[in-house]
Amino acid sequence: MKQFIYLDNDIVNSIIAQTENGFVTDISTETETEDEKKTQKEGGTHISGTAGGSILKLAKAEAAFDIEGKIGSENSHRSSSRELINKTLHDAAFNIAYAGVKPRVISFDDKDDGSYGDYIEIKRVFDFVDFDYLGNLFAKGGIIDFKKKSEKEKIETAVNSATESMNRQQQRNNGSHIKAKIKQLVSASEKQYNDAQDVIVALQNILPYKRMLISYDGYLIPLDDKYFRIDPVNLGFKYGGEITCVGLITNIIGEDTNPNDEKNIFATLQFTVNEALRTVLPTKENNLIVVHPIAVYYGD
């Protein structure tokens, strides 16, 4: 059983429409309430194109669920009932779309990573990258300030310990040199965090996505907040282990993709962004394979 944490219903609907030559554009029902003794018409069921068996089943299922969600329901329950109905039908629609595209399952040891336009399925332990979360780490009084302070104290302790063998006169004579050495080591230690902050701020200003998954073998999966089935703010903390992603390969970012024409400023800038991504993201591969996700879930 699948537990979806992300599902792009727009792509699912598009796949079904193309594979079955039809799409449900509007679903509704006619219900009769006991209190008012009248029929309430909630639109109508419309199917465009020549719809196949699976899509007709979805249409009938939503109509049936819609009746159950409305007859005898209190107003306060209608919203939650409707949400459950939509999720149930979207899960079923994914199975139809999956059968339509037949994604290739790529194991961790597979030498063929896939090409542009391939539908693939990968099951990995992903790193979750949240640029907003990373940016907050560098806020004043945040964890990075704490780490800088801790490392500065370690450097001062180590240098002072190394000078304990000197007598007082030697310590006085070398006092300015010792202080300069401490300052140099502290500056070098802080530089790694400052450089990382510069990269994160730059990527926040450039990338259209705030969150993404990255696998150790180079699969990069950008995530759009509106398709999450859970609160994305909690994803990095609450979820871990092996997760399955089904999606479409839309780009390959590699070290050999440097534009040949240096006068093409747009290509050069894009290459700079790509290189920054490859530098900051945790992967062992030289190439990043960008996968537009259809679904991300636990289970089979």
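Refer to the preceding data block for the structure.
Conventions adopted
- Residues numbered from 1 in each chain as written.
- Predicted model: local features only at pLDDT ≥ 70, side-chain atom pairs only at ≥ 80, totals over all residues.
- Heavy atoms only, no water.
- Phe/Tyr/Trp six-rings, centres within 6.5 Å; stacked < 30°, edge-to-face > 60°.
- Helix = DSSP H or I, 4+ residues; strand = E, 2+ residues; numbered from the N terminus.
- Buried < 20%, exposed > 50% of the residue type's maximum accessible area, 1.4 Å probe, protein only.
- Contact = heavy atoms within 4.5 Å.
- Axes fitted to C-alpha atoms, helices over the stretch in contact; angles between N-to-C directions.
- Parallel < 35°, antiparallel > 145°, perpendicular 65-115°, else oblique.
- Left-handed = near helix turned anticlockwise from the far one by under 90°.
- Nonpolar A, V, L, I, M, F, W, Y, C, P; charged D, E, K, R; others polar.
- Pairing = 2+ DSSP bridges.
- Expected span 1.5 Å × (residues − 1).
- Arc of directions from axis to C-beta.

Novice: Go over the packing of aromatic side chains with me, naming the residues and quoting the values.
Specialist: This model, assessed by the stated rule, comprises 7 aromatic pairs. The interplanar angle of 75 degrees and the centroid separation of 6.1 Å between the aromatic rings of Tyr 6 and Tyr 227 together place this pair among those described as edge-to-face. With Tyr 6 in strand β1 (residues 3-7) and Tyr 227 in the loop between β10 (219-223) and α8 (235-238), the pair connects residues that are 221 residues apart, well separated along the chain. The exposure classification of Tyr 6 matches that of Tyr 227, with both residues buried.

Novice: Explain unusual backbone geometry to me, using residue names and the numbers behind them.
Specialist: Unusually for a residue other than glycine, Lys 102 sits at a positive phi of about 50 degrees. Tracing the backbone through its elements, the reader meets Lys 102 in the loop between α3 (75-101) and β6 (104-106).

Novice: Report on the side chain of Ser 189, specifying residues and quantitative values.
Specialist: By the element assignment, Ser 189 lies in helix α7 (residues 175-206). If we skip the residues at most four places from it in the chain, Ser 189 touches Glu 151 and Ile 155.

Novice: Got a sec to walk through the packing of helix α5 (residues 143-162) against α7? Specific residues and values, please.
Specialist: If you want to describe how two helices pack, look at the angle between their axes and the distance between the axes. Viewed as axis vectors pointing N to C, α5 and α7 meet at an angle of 150 degrees, and their least axial separation amounts to 10 Å. When the axis of α5 is compared with that of α7, the two are roughly antiparallel. Where α5 crosses over α7, the handedness of that crossing is right-handed. Together, Ile 144, Lys 147, Lys 148, Glu 151, Lys 152, Ile 155, Glu 156, Val 159 and Asn 160 of α5 and Ile 178, Ile 182, Leu 185, Val 186, Ser 189, Glu 190, Gln 192, Tyr 193 and Asn 194 of α7 make up the contact between the two elements. Taken together, the residues of the contact of α5 with α7 sort by class into 8 nonpolar, 4 polar and 6 charged.

Novice: I'd like to hear about the pairing of strand β12 (residues 288-298), residue by residue, with values.
Specialist: Counted residue by residue, β12 has 10 buried out of 11 residues, so it is predominantly covered. Summarising the sheet, β1 and β12 pair through 4 bridges and their orientation is antiparallel. Paired with Leu 7 across the bridge in β12 is Ala 295. Where β10 meets β12, 2 bridges bridge the pair, whose relative direction is parallel. Bridge pairing in β12 links Tyr 219 to Ile 289. With 9 bridges connecting them, strand β11 (residues 242-253) and β12 associate as antiparallel partners. If you follow Cys 245 over to β12, its bridge partner there is Val 296.

Novice: Just give me the short version of α5, but keep the residues and values in it.
Specialist: Note that an α-helix has 3.6 residues per turn; residues three or four places apart therefore point the same way. Over its 20 residues, α5 runs 29 Å from end to end, which matches the ideal 28 Å to within 8%, given 1.5 Å per residue. When we look at burial in α5, the residues that qualify are Ile 144, Lys 148, Ile 155 and Val 159. Along the axis of α5, the buried residues cluster in a sector spanning 45 degrees; they form a single face. Facing away from the buried side of α5 by over 90 degrees, the exposed positions are Phe 146, Lys 149 and Lys 154. Structurally, α5 contributes buried residues whose contacts are with α4 (131-137) and α7.

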